[in-house]
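Each chain is listed here by its residues.
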Amino acid sequence: MSSSEVKILRLAVCLYPHCTTTDWQGPVEMLCIFNSTNRKLFGSFYKHLPNTAIEADFLSHNMDPVTPTQGAKVLPSMTYEEGLKTNFDILLIPGGPSPREGPPDIREFLKVKAPQTKYVLSVCTGSWQLAVAGLLEGKRATTNKAWYKVIVEDTKDLNITWVPKARWVVNDDKHIWTSSGVTAGIDLAYAFLIHLFGEPFADEVKGLVEFSTSKDSEDDEFAVYYGLA
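Residues numbered from 1 in each chain as written. Predicted model: local features only at pLDDT ≥ 70, side-chain atom pairs only at ≥ 80, totals over all residues. Heavy atoms only, no water.

Draft legend 1. A look at the state of the cysteines. This model, assessed by the stated rule, comprises zero disulfides. The closest cysteine sulfur to the non-disulfide-bonded C124 is located on C19, 11 Å from its own sulfur. Overall, C124 belongs to the buried group, its relative accessible area being 5%. (Disulfide = S-S within 2.5 Å. Buried < 20%, exposed > 50% of the residue type's maximum accessible area, 1.4 Å probe, protein only.)

Here it is as C-alpha cells:
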C-alpha cells in the first residue's frame, strides 16, 4: 500500500427496534470523524492522522427505518442477511430492550460474524445481546448498571464474569470490548482509538469533538449509585 492509499476498516453498527441512539451515535462520532469524507473536511486539525479510515454500515433485520428509543428514525444500509456475506473489521452493538424480545436476526448475525471479526464493541445492554448469542462464555464483561442485576440473573447459567464496577472492560485478547451505560460508550471509543492508533491521535479526536474525560476503565460512579460496589 502506497503512502497515498488509505486502509479502510469496516464497522458494522448493529441496529434493532428501540435501540438507544447515543449508544451507537456517540462511538460512531469518535470512530468515523476521520473517515474518507471527513478527512477532507477536518484533515487540517490533525497532526497524527493515521493512514486508516473507519467506514460505518448500519445493519437491521430489514430495510425499514429503525425506530430508536429516542430521536429520529434511522435508515439502515444493509440487512443482517446481507451482512453475513460482508467482511467487517469491527462490530458495534448498542443497548436496548431485552434481546429475547427483539428480532432474532441480530443474534444469528453475531453468532456467525463475531468470531470472524477482529473487534467486537458493545455499549450498555448491548453486552446482553452478546451474552445471549453465546459470545461471552469464559469472558469478562460489563453493562448498564441500572440493568446489571437483571442481566446477571438472566445469564446466571452462562460462564460470564460480570464486572460490577467498570466503565468498560477489555478482554486480554482485545477481541471483545464491553462498556457500561450510554455515555460510557464514548469512553470506550476513546480507549479503542488509543489501542488502534495511539494516544496522540485519540486526543486530537477528543479535542475536535470536545469530549471531556479523565475516566479510566474502573472509574464507575454508577456502580456505587446502584449499590453494586
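Draft legend 2. Looking closely at the UniProt feature "domain: DJ-1/PfpI" (unreviewed entry) in the protein. Those places that UniProt annotates as "domain: DJ-1/PfpI" (unreviewed entry) correspond, in this numbering, to residues 46-192. Annotated as 24% helix and 22% strand, the span residues 46-192 places its first and last C-alpha atoms 18 Å apart. (UniProt positions renumbered as here; feature names shortened; annotations may be inferred. Helix = DSSP H or I, 4+ residues; strand = E, 2+ residues; numbered from the N terminus.)

Draft legend 3. Just the sheet that holds strand 8 (residues 168-170), in detail. Spatially, seven strands are ordered 3-2-1-4-5-9-8 in an open sheet, and the strand pairing comes out mixed. Each end of this open sheet is capped by a strand with a single partner; those strands are strand 3 (78-79) and strand 8. (Pairing = 2+ DSSP bridges.)

Draft legend 4. Expanded view of the side chain of K145. Take K145: it is sitting in the loop between strand 6 (139-141) and helix 6 (148-154). At 3.1 Å, the side chain of K145 and the side chain of T142 are in polar contact. The residues contacting K145, other than those within four sequence positions of it, are V163, P164, A166, S180, D220, F222, A223, Y226 and L228. (Polar contact = N/O pair within 3.5 Å; in protein donor to acceptor, adjacent residues only side chain to side chain. Contact = heavy atoms within 4.5 Å.)

Draft legend 5. Structural context of the packing of helix 7 (residues 184-197) against helix 8 (residues 199-209). Two numbers describe how helix 7 lies on helix 8: the axes approach to 7 Å, and their chain directions differ by 145 degrees. When the axes of helix 7 and helix 8 are compared, the crossing they make is right-handed. Of helix 8, the residues touching helix 7 (which contributes Y190, L193, I194 and F197) are E199, F201, A202, D203, V205 and K206. In terms of residue class, the contact of helix 7 with helix 8 is built from seven nonpolar, no polar and three charged. (Axes fitted to C-alpha atoms, helices over the stretch in contact; angles between N-to-C directions. Left-handed = near helix turned anticlockwise from the far one by under 90°. Nonpolar A, V, L, I, M, F, W, Y, C, P; charged D, E, K, R; others polar.)

Draft legend 6. Geometry of the environment of V182. Mapped onto the secondary structure, V182 falls in the loop between strand 9 (176-179) and helix 7. Exposure remark for V182: the relative accessible area of 26% places this residue in the partly exposed category. Remark: the alpha-carbon pair of V182 and T143, spanning 39 residues in sequence, is separated by 9.6 Å. Contact partners of V182, with chain neighbours within four places excluded, come to T20, T22, D23, V123 and C124.

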